[in-house]
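In case you want the letters, here they are:
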Amino acid sequence: MNNEVSPVNNTIVSALQNNQVIAYPTEAVFGLGCDPDSEQAVMALLSLKQRPIEKGLILIADNYEQLKPYIDDDMLTQTQRERMFASWPGPVTWVIPAKASTPKWLTGKFSSLAVRVTDHSLVKALCLAYGKPIVSTSANLSGLPPCRTVDEVEGQFQNNIPILNGVVGGRLNPSEIRDALTGELYRQG
């Protein structure tokens, strides 16, 4: 499969620019995403997902530099950064103190933000084309299993959201989630 940025991706980038929620393949399941800086888009995603804002969200990016506007990198020691970088790109999400300017619609009730540098080539290309990270939460309606194919996304969401056509990676479980300051495991991957 060709994972280069294609006209389909340009349609997806345009959807992100227009505050739309999109679906896209990740390492294990399809994700729902949107522009993290658009309160309108994030609220639409939360409504679609039936997810409370207090839970906070994950940002997925092509590289660490894309995440720096949202996280307080100065709170991390070199050792903590090295531990994090050793797992990236890959399916490990790290919870890092958020900058004071990071919107509450991303952090929820927390003063931190969950972030990941993906190794899924299609999502890397999307984040590069868009020029910043995107929100990442599993593509499923409340109470239903996460979607693993385009057909499942279309079935659950009734063709109401743009889909980045592609296949999920070979992982069976969602990303592992760890605290960047302590290394504590929040969710097994």
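Residues numbered from 1 in each chain as written. Predicted model: local features only at pLDDT ≥ 70, side-chain atom pairs only at ≥ 80, totals over all residues. Heavy atoms only, no water.

Draft legend 1. Quick look at the environment of Lys 132. Within the secondary structure, Lys 132 sits in the loop between α6 (121-130) and β6 (134-138). The spacing of Lys 132 and Asp 62 is 70 residues in sequence and 8.0 Å in space, taken between C-alpha atoms. With sequence-adjacent residues up to four places away left out, Lys 132 is seen in contact with Asp 35, Asp 37, Gln 66, Tyr 70 and Cys 127. Here Asp 37 takes part through its side chain, which lies 2.8 Å from a polar atom of the side chain of Lys 132. (Helix = DSSP H or I, 4+ residues; strand = E, 2+ residues; numbered from the N terminus. Contact = heavy atoms within 4.5 Å. Polar contact = N/O pair within 3.5 Å; in protein donor to acceptor, adjacent residues only side chain to side chain.)

Draft legend 2. Structural detail: the sheet that holds strand β1 (residues 22-25). The eight strands are arranged β1-β2-β6-β3-β5-β4-β7-β8 in an open sheet whose pairing can be described as mixed. Of all strands in the sheet, those with a lone pairing partner are β1 and β8 (185-187), marking the two edges. Taking the axes of each pair of neighbouring strands and ignoring which way they run, one obtains an average angle of 40° across the sheet. Here strand β3 (residues 58-61) runs beside β6; their pairing, made up of three bridges, is antiparallel. Looking across to β6, one finds that Leu 59 is bridged to Val 135. Strands in contact with helix α2 (residues 39-49) are β2 (30-33) and β6; relative to β6, the strand with the most contacts, it is inclined by about 5°. (Pairing = 2+ DSSP bridges. Axes fitted to C-alpha atoms, helices over the stretch in contact; angles between N-to-C directions.)

Draft legend 3. Structural view of the confidence of the model for the chain. For the chain, the mean per-residue pLDDT works out to 91, and 95% of the residues sit at or above 70. Within the chain, no element has a lower average pLDDT than helix α1 (residues 7-17), which sits at 81, and none a higher one than helix α3 (residues 64-67), at 98. When the criterion is pLDDT under 50, residues 1-8 qualifies, and its contacts beyond four places in sequence or with other chains add up to 12 contacts. (pLDDT = per-residue confidence, 0-100.)

Draft legend 4. Quick peek at unusual backbone geometry. Look at the link from Trp 88 to Pro 89: it is a cis peptide, with omega at -10°. Here Pro 89 is to be found in the loop between α4 (78-85) and β4 (92-97).

Draft legend 5. Summary view of helix α7 (residues 150-157). Along α7, the residues classified as buried are Val 150, Val 153, Gln 156 and Phe 157. Looking down the long axis of α7, one finds its buried residues gathered within 135° of arc, a one-sided arrangement. Buried-residue contacts for α7 involve β1, β2 and α2. At the exit of α7 stands Gln 158, carrying a positive phi of roughly 50°. (Buried < 20%, exposed > 50% of the residue type's maximum accessible area, 1.4 Å probe, protein only. Arc of directions from axis to C-beta.)

Draft legend 6. Main features of the side chain of Glu 27. Tracing the chain through its elements places Glu 27 in the loop between β1 and β2. Polar contacts involving the side chain of Glu 27 include one to the side chain of Arg 116, which spans 3.3 Å. Here Asp 119 takes part through its backbone nitrogen, which lies 3.3 Å from a polar atom of the side chain of Glu 27. Beyond its immediate stretch of four places on either side in the chain, Glu 27 contacts Gly 90, Pro 91, Arg 116, Thr 118, Asp 119, His 120, Val 168, Gly 169, Gly 170 and Arg 171.

Draft legend 7. Spatial organisation of the layout of surface pockets. In this structure, the largest pocket spans a volume of roughly 650 Å³. Around the largest pocket, the lining comprises 31 residues; the ones closest to its centre are Arg 51, Ile 58, Ser 136, Ile 177 and Arg 187. For the lining of the largest pocket, the secondary-structure elements that each account for two or more residues are β2, α5 (104-107), β5 (112-117), β6 and β8. At four residues, β5 tops the list of elements feeding residues into the lining of the largest pocket. For the lining of the largest pocket, the residue count by class is 15 nonpolar, 10 polar and six charged. (1 Å grid on protein atoms, 1.4 Å probe; cavity = no way out; pocket = protein on both sides within 12 Å on 5 of 7 lines; lining within 4 Å. Points joined across faces, edges and corners; volume = space filled by probe spheres on them. Nonpolar A, V, L, I, M, F, W, Y, C, P; charged D, E, K, R; others polar.)

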